[in-house]
Amino acid sequence: MSLQARELSKAHHQAGNRIAVLDGLNLDVKTGETVAIVGKSGSGKSTLLSLLGGLDHPDAGEVWLAGEKLTGLGETALARMRARRMGIIFQQFQLVQTLTALENVMLPAEILGDRDVRVQAEKLLAAVGLTSRQHHFPNQLSGGEQQRVAIARALAGSPQVLLADEPTGNLDVETGLYVMDMLFALAREKGTSLVLVTHDPEMARRCSRVLRLEKGSLQA
Amino acid sequence: MNKFLWLRREWQRYRASHLLITATMVLGLGGVFLIERLKEAFLSSVRSQERELLSSDLSLGARRPLKAQEIERFEKATQDYAEASYRVIDMSSMLYAPGQEAARLVEVRVVEPGFPFYGSLLTADGNLQLTAEHPLFIENCIWLHDEAARLFEVKVGDELRLGEGAFRHCGTVLKDSTQGFRGFALAPRVYLGRTRLGDTQLVGEGTIASHALHFKLRADAAKVFTTEWKEALVKEFDDPAIRIQRPSDTSEQTARSGKLFGDYLQLASLVALILAVVGTFYLFRTLVHRRLKDVAILRALGVAPGEARKLLLLPLATDFLVAIPLAGLFSAALFPIVTGVLDQLFGTQLPPTGFPWSVWPALPLIFTLVMAILMPSVEEAVRVPVMALLQDQERVGMVPWRQAGLWGLLALVSLSGLAIWAAHSWKIGGLFVAGILLATLTLAGFTLLARWVGEKVLRRSGHISGIFGLMGGLVIRRLLRRPMTTLLTVIALGLGSVLISLLGHLELSIGQEFSLESQDRPALFMFDIQDDQTEKLKDFLAETKVPLQALSPMVRGKLVSVNAEAFKKEKQDALFETREEENESRFRQRMMNLSWASGLNPSETLEEGVDFAEAKVPEGEVALSLEKRFAQRLGIELDDQLTFEVLGVPITGRVVNVRSVKWTSFRPNFFITFAPGALEDAPKSWLAAIGQMPAQEKVQLQNQISRKFPNISSIDVGQLVGRMMELFTRLKKALQLMAVFAFLVGVVVVGAMAQDQVLRRQNEVMLEKTLGISPWRVTLMVLGEFLGLAFVAFTLGGLAGAGLAAVLTVVVFEGNVIWSASLLLSITLGGMILVSIPLLLMAKKIFTWRPAGLLQQP
């Protein structure tokens with residue numbers, strides 16, 4: 001099993017009221033599996049993704065990644081875990097503005113201490129069709145190009161799990177389709193599990209499993 | 001659109017930014033206001049004491065005995081209004097205390113009964129009432145100022161010798177209201193009755209002494225003795241030696257050194273203002289960039305560019321207006337602290353003052369400077385490509401280079417105007433702006449060069465982690481690729497350290513120049529040596545085996561024509577627009593000290609022309625040598641013909657060379673030196689210098705000279721140098737106070753910039769944590785980035801300051817350059833510690849930002 005969540009609970013506090021977002025949620029993602037998580041706005045999809053990625057701490061429950069328990073780990077250990085085993089793709093691309101496209105892709109591997117990362121990063125950029133743009137800075141790239149760089153970066157550390165939060169949310173339909181084709185192809189090629197949060201039913205249908213997040217838990 | 005509503009919304013939405021902008025302006029304006037406050041307090045203090053300083057309503061004076069016809073003419077002009085009069089003579093002489101075996105130079109004030117008409121001489125028993133029956137006039141009494149009494153360690157009743165006269169110390173003056181600010185005096189004062197002056201035999205031919213006749217006038221006299229009256233009488237006398245003074249002239253004169261010093265302090269405060277403008281520029285630009293979309297929407301809705309400009313500038317103008325009264329309050333809060341420090345340094349107690357209204361002329365210039373600096377950012381926003389921005393592409397409009405250049409020029413003109421306003425001098429103001437520009441260009445040039453080279457290296461690098469590791473690699477990329485932030489931070493921190501380093505290095509160079517134990521520097525400098533004493537003095541020194549280093553004649557004369565054109569004296573004590581005008585006028589008015597010599601002495605260097613031996617001059621003329629700066633100030637060139645008048649006898653000379661003089665050699669040196677043959681028969685006195693000797697022997701020799709030649713004054717050069725260094729150090733400390741203020745403003749500005757940068761980097765910080773960099777490392781990277789910048793800025797600023805000090809030392813002081821690694825290191829380390837304070841306050845925030853925030857963004 002690649003990624004597991006057990007009895008995961010998380011609540012937000014707003015104006016003194018406790019609003020339960022996740023309530024005893026369970027999830028199992030097998031190695032190489034693609035899972036789409038759909039649900040209404042505010043249903044807690046992004047919250048779930050942040051708990052799966054160790055970006056936030058649950059109020060209760062556990063998250064396991066490749067047999068290692070994430071919950072209970074400190075921030076530094078969580079950061080290392082993300083660097084070694086996880087790739088995250090954001091709706092807003094979130095590239096480091098002071099790094100070129102190539103440097104953005106090299107960054108995850110360099111965080112892990114790899115030195116010979118340039119060739120692999122160039123290959124990944126070639127795979128997303130951006131060889132000619134590798135020395136450009138994010139603000140010199142279009143939205144679609146930035147997201148392709150973000151995908152290449154997410155795959156750079158050869159992660160076991162990819163978490164993608166509305167990756168086409170900021171792109172037009174055509175570019176969105178192109179980017180998703182690329183994401184699925186690369187994930188398949190590298191045998192990476194993919195957890196995709198989306199509003200788009202078309203995108204969701206391309207995953208091997210679609211789960212709906214409703215009232216704090218996942219339903220098939 | 002309702003502008004007030006817009007303004008209110010603007011403040012509600014961007015409260016933090018406007019608060020920071022206003023606070024930055026308050027800091028910058030506050031420094032300028034504070035110095036104006038100090039200057040006003042100083043002037044009002046001097047003006048409130050102007051009658052006490054002169055001690056009378058009107059005086060006629062000269063640095064020579066007044067002639068009977070001059071006194072007669074003056075008395076005639078004032079007879080209808082004069083109620084009483086007295087004479088005062090001021091001179092320097094040696095006072096010898098036999099009990100203590102101590103001889104020291106003192107400033108002798110010789111007075112007549114009735115002195116002072118205004119003010120007082122305060123003693124432990126109350127004010128001295130100097131009637132004709134006072135012991136000062138009828139007994140062998142001398143009164144000592146407290147400073148002198150302490151220096152000689154004498155008690156009332158002790159015996160003292162002044163010139164040929166033996167006196168008793170009859171009392172101590174604790175406070176002399178006619179004395180002005182004592183912080184600048186080189187010798188303590190003693191008081192002698194005019195009736196006893198003959199006993200001293202101090203006044204002889206060629207003795208340097210100021211003679212003055214003072215009048216007490218009727219209450220309604222002020223309307224008669226106006227500036228016009230004075231100018232007319234001065235014209236009538238037509239002698240540069242004559243000086244007519246009213247209380248207001250005295251206060252002007254007394255305030256001169258204070259005003260000059262205040263001008264330098266104001267220039268230091270301008271550095272703080274410039275740093276505040278840099279901070280305002282950064283904060284405003286950031287604010288404008290955050291509002292680009294708002295502007296694009298307004299433009300899309302049909303708002304004209306002019307209207308959009310107004311909407312952006314209105315809040316800023318409001319911030320500026322709000323900052324003015326707040327800066328007034330800020331300067332009022334700092335005033336007691338700074339006056340406390342000045343009191344400790346100079347013993348000047350300044351009265352509290354209200355709002356410094358004299359700052360008004362500077363405010364439009366400051367406003368123009370701020371606007372000129374900010375307008376390119378406003379133009380970038382107004383010219384924003386509307387559709388691109390509405391499609392979420394962050395882009396700004398292009399400002400034509402010519403327009404940007406014009407704004408830059410306007411900024412430079414307003415800064416120059418401000419500097420001239422502050423310095424009251426075209427030259428010093430211009431030098432200041434040139435210095436600031438040079439320092440800024442050095443800092444900017446280095447930053448841009450580092451960026452260019454760095455980017456080339458980075459492009460070739462195979463990975464992010466270079467020799468500085470991943471963290472270093474990321475930090476270097478941030479610094480190089482956010483050039484505007486890097487540049488502004490370097491400038492904001494660098495300029496303050498330029499100033500501190502400049503002052504520190506100047507002090508070291510000048511200190512070294514003065515404290516050099518040079519064999520060439522005399523141990524004693526002697527003056528008031530009469531013509532008939534030179535041989536006796538030589539014999540005495542030969543007997544005591546003391547080396548006579550130099551013996552030079554001094555003749556008083558006035559320059560009457562240059563190339564046969566009358567050399568007219570100009571305004572007297574009038575209000576001068578600039579310092580240059582004042583200096584030149586003062587040179588023109590002087591009675592000049594002339595000398596003769598067969599050639600250059602060891603402290604002189606030929607700059608232009610030929611030595612006397614090789615010079616050929618027309619018949620009836622004599623060869624002349626002029627000091628370089630003296631010649632420059634009066635516009636006299638090589639081969640000019642100058643005519644001097646010495647006691648009514650014209651002597652014509654031809655300038656055959658221009659020489660530079662090392663004044664710190666403390667040898668007898670003159671602005672004007674004649675070749676032998678012209679001045680020998682003129683009435684003269686002599687100056688002498690005695691070579692190095694052990695300290696104890698020097699004291700003994702000074703005592704012996706004082707006993708054997710009572711009219712000869714001798715200065716212990718070592719003590720004089722010490723006193724000058726002490727004064728210089730005190731002035732430097734006060735200037736350093738402003739430099740530290742400027743430095744702190746820079747740190748606060750950078751603190752505000754860092755705060756803004758950190759908030760703007762929240763995403764980046766969260767992203768780095770998401771990608772697997774530990775929170776510790778992420779925090780250290782942000783801190784390291786600013787500390788790295790601070791290191792570069794302080795080091796560069798320190799080096800630039802040392803460079804400027806080196807230029808000033810060589811060009812102005814003609815001394816040796818000193819570089820102090822420890823000073824540079826302490827500037828860098830001290831600065832970095834200060835900068836790290838606001839950064840550490842932000843560290844917790846950086847550390848605790850949760851990366852989950854990235855997923856919760858819309």
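Residues numbered from 1 in each chain as written. Chains lettered and ligands numbered in written order. Predicted model: local features only at pLDDT ≥ 70, side-chain atom pairs only at ≥ 80, totals over all residues.

Asks: Even after reading the chapter, I still don't get the overall build of chain B, so can you show me in this structure?
Replies: A count of helices and strands for chain B gives 25 helices and 23 strands. Per-residue burial for chain B yields a buried fraction of 44% across its 858 residues. For chain B, the share of sequence-separated contacts (at least 6 apart) that also reach a separation of at least 24 residues comes to 84%. (Helix = DSSP H or I, 4+ residues; strand = E, 2+ residues; numbered from the N terminus. Buried ≥ 20, exposed ≤ 12 C-beta atoms within 10 Å, placed from the backbone. Contact = placed C-beta atoms within 7 Å.)

Asks: Explain the overall build of chain A to me, please; I cannot follow it from the model alone.
Replies: Along its length, chain A carries seven helices and ten strands. Looking at chain A as a whole, 49% of its 220 residues are labelled buried. Long-range contacts, defined as pairs at least 24 residues apart, comprise 71% of the intrachain contacts of chain A with a sequence gap of at least 6.

Asks: Honestly, helix H3 (residues 101–111) of chain A in this entry has me stumped. Any pointers?
Replies: The element H3 of chain A is extensively covered by neighbouring structure, given that eleven of its eleven residues are classed as buried. Phi turns positive, to about 95 degrees, at Gly 113 of chain A, one or two residues after H3 of chain A.

Asks: Sorry if this is basic, but what is going on with the confidence of the model for chain B here?
Replies: Any segment with low pLDDT has predicted coordinates that should not be analysed in fine detail. Residues and elements named next belong to chain B. Taken residue by residue, chain B gives an average pLDDT of 83. The fraction at 70 or more is 92%. The element-level mean pLDDT for chain B is lowest in helix H19 (residues 579–589), coming to 56, with strand E18 (residues 622–627) highest at 94. Confidence drops under pLDDT 50 across residues 571–575; counting only partners more than four residues distant or on other chains, this segment forms six contacts. The ipTM for the predicted assembly is 0.84, set against a pTM of 0.68. (pLDDT = per-residue confidence, 0-100.)

Asks: Mind showing me how you'd approach helix H25 (residues 821–848) of chain B here?
Replies: Residue and element names in this part refer to chain B. In this model H25 runs 40 Å from its N-terminal to its C-terminal C-alpha over 28 residues, within 8% of the 40 Å that 1.5 Å per residue would give. Of all the bends found along H25, the most pronounced is centred on Ile 837 and spans about 35 degrees, while Pro 838, a proline, follows it within four residues. Considered for burial, the residues of H25 that qualify are Leu 823, Leu 824, Ile 827, Thr 828, Gly 831, Leu 834, Val 835, Leu 839 and Ile 846. (Expected span 1.5 Å × (residues − 1). Bend = angle between axes of the 7 residues up to and from the residue.)

Asks: What am I meant to see in the environment of Val 745 of chain B here?
Replies: Residue and element names in this part refer to chain B. As for its placement among the helices and strands, Val 745 is situated in helix H22 (residues 717–760). Remark: the alpha-carbon pair of Val 745 and Ala 276, spanning 469 residues in sequence, is separated by 6.9 Å. Excluding anything up to four places from it in sequence, Val 745 contacts Leu 27, Gly 28, Gly 31, Ala 272, Leu 275 and Ala 276.

Asks: How should I be thinking about the sheet that holds strand E5 (residues 68–69) of chain A in this particular structure?
Replies: Paired through backbone hydrogen bonds, the strands of a sheet run either parallel or antiparallel to each other. Residues and elements named next belong to chain A. Strands sit in the order E2-E1-E4-E5 across an open sheet of four strands; the sheet is antiparallel. Across the chains shown, the open sheet's two edge strands, defined by having one partner strand only, are strand E2 (17–29) and E5. Lying on the sheet, helix H1 (residues 45–52) is in contact with strand E1 (3–14), E2 and strand E4 (60–65); it crosses E1 at an angle near 125 degrees. (Pairing = 2+ DSSP bridges. Axes fitted to C-alpha atoms, helices over the stretch in contact; angles between N-to-C directions.)

Asks: Mind showing me how you'd approach the sheet that holds strand E7 (residues 161–165) of chain A here?
Replies: Residues and elements named next belong to chain A. Ordered in space as E6-E7-E8-E3-E9-E10, the six strands form an open sheet in which the pairing is mixed. Two strands in the sheet have a free side with no partner beyond their single neighbour: strand E6 (86–89) and strand E10 (217–219). If you compare each strand with its neighbour and ignore which way they point, the axes differ by 20 degrees on average.

Asks: What am I meant to see in the packing of H3 of chain A against helix H5 (residues 143–156) of chain A here?
Replies: Packed helices, taken two at a time, are described by their axes: the angle between them and the distance between them. All names here are of chain A. Two elements in contact, H3 and H5, have axes separated by 7 Å at closest approach and are oriented at 25 degrees. Considering the angle they form, H3 stands roughly parallel to H5. As H3 packs across H5, the resulting crossing turns out to be right-handed. Taking contact as the criterion, the partners of Ala 101, Asn 104, Val 105, Leu 107, Pro 108 and Ala 109 in H3 are, on H5, Val 149, Ala 152, Arg 153 and Ala 156. Tallied by class, residues from the contact of H3 with H5 come to eight nonpolar, one polar and one charged. (Parallel < 35°, antiparallel > 145°, perpendicular 65-115°, else oblique. Left-handed = near helix turned anticlockwise from the far one by under 90°. Nonpolar A, V, L, I, M, F, W, Y, C, P; charged D, E, K, R; others polar.)

Asks: Is there a simple way to think about the nonpolar core in this case?
Replies: Taken as a class, soluble globular proteins show a tendency for nonpolar side chains to be buried jointly. Of all hydrophobic cores here, the largest spans 208 residues; its most connected members are Val 195 of chain A together with Leu 275 and Ala 742 of chain B. Here this core gets 18 residues from one element, more than from any other, and that element is helix H9 (residues 247–290) of chain B. In this structure Leu 275 of chain B touches Gly 28, Ala 492, Leu 495, Gly 496, Ala 742, Val 745, Gly 746 and Val 749 of chain B, once residues within four positions along its chain are discounted. Of all hydrophobic cores here, the second largest spans 77 residues; its members include Phe 115, Leu 121, Val 190 and Phe 670 of chain B. (Core = buried A, V, L, I, M, F, W, Y, C linked by C-beta atoms within 7 Å.)

Asks: Quick question: what am I supposed to make of the packing of helix H11 (residues 305–346) of chain B against helix H12 (residues 362–382) of chain B here?
Replies: Residue and element names in this part refer to chain B. Relative to each other, H11 and H12 sit at 140 degrees, their axes nearing to 10 Å. Between H11 and H12, the interaxial angle falls into the category oblique. By crossing handedness, the relation of H11 to H12 is classed as right-handed. Where H11 abuts H12, its residues Pro 305, Ala 308, Arg 309, Leu 312, Leu 313, Leu 316 and Phe 320 lie against Phe 367, Val 370, Leu 374, Val 378, Ala 381 and Val 382. Of the residues contributing to the contact of H11 with H12, the split by class is twelve nonpolar, no polar and one charged.

Asks: What is the right way to look at the environment of Val 38 of chain A in this model?
Replies: All names here are of chain A. Along the polypeptide, Val 38 turns up in strand E3 (residues 34–38). Residues Val 38 and Gln 219, spaced 181 residues apart in sequence, show a C-alpha to C-alpha distance of 9.9 Å. The residues touching Val 38, leaving out its near neighbours within four places in the chain, are Thr 198, His 199, Ala 204, Val 210 and Arg 212.

Asks: Help me understand the environment of Trp 229 of chain B in this model?
Replies: Residue and element names in this part refer to chain B. Following the sequence through the fold, Trp 229 ends up in helix H8 (residues 227–237). Look at Trp 229 and you get partly exposed, because 14 C-beta atoms sit within 10 Å. Once the C-alpha coordinates of Trp 229 and Ala 77 are considered, the two residues, 152 residues apart in sequence, prove to be 9.9 Å apart.

Asks: Looking at this structure, how should I read the pairing of strand E10 (residues 189–193) of chain B?
Replies: Each regular strand carries side chains that alternate between the two faces of the sheet. All names here are of chain B. Extensive coverage of E10 is indicated by the burial of five of its five residues. Burial along E10 is two-sided: Arg 189, Tyr 191 and Gly 193 and Val 190 and Leu 192, pointing in opposite directions, are all buried. Note that strand E3 (residues 102–111) and E10 share five bridges and pair parallel. When the bridges of E10 are listed, Val 110 appears paired with Leu 192. Of the strand pairs in this sheet, strand E6 (residues 141–145) and E10 are connected by three bridges, and their pairing is antiparallel. Each bridged residue has a counterpart across the sheet, and for Leu 144 the counterpart in E10 is Val 190.

Asks: Just checking my understanding: could you explain unusual backbone geometry for this structure?
Replies: Peptide bonds are trans in most cases, and residues, glycine excluded, mostly fall at negative phi. Cis geometry marks the peptide bond from Phe 115 of chain B to Pro 116 of chain B; its omega dihedral reads -15 degrees. You will see that Ala 66 of chain A, though not glycine, has its phi angle at about 50 degrees, which is positive. For Ala 66 of chain A, the location among the structural elements is in the loop between E4 and E5. The phi angle at Ser 55 of chain B is positive, at roughly 75 degrees, despite the residue not being glycine. For Ser 55 of chain B, the position within the fold is in the loop between helix H3 (50–54) and strand E1 (58–62).

Asks: Help me out: how do you make sense of the confidence of the model for chain A in this one?
Replies: Across chain A, the average pLDDT comes to 87, with 100% of residues at or above 70. Mean pLDDT values over the elements of chain A span from 83, in helix H6 (residues 173–190) of chain A, up to 93, in E3 of chain A.

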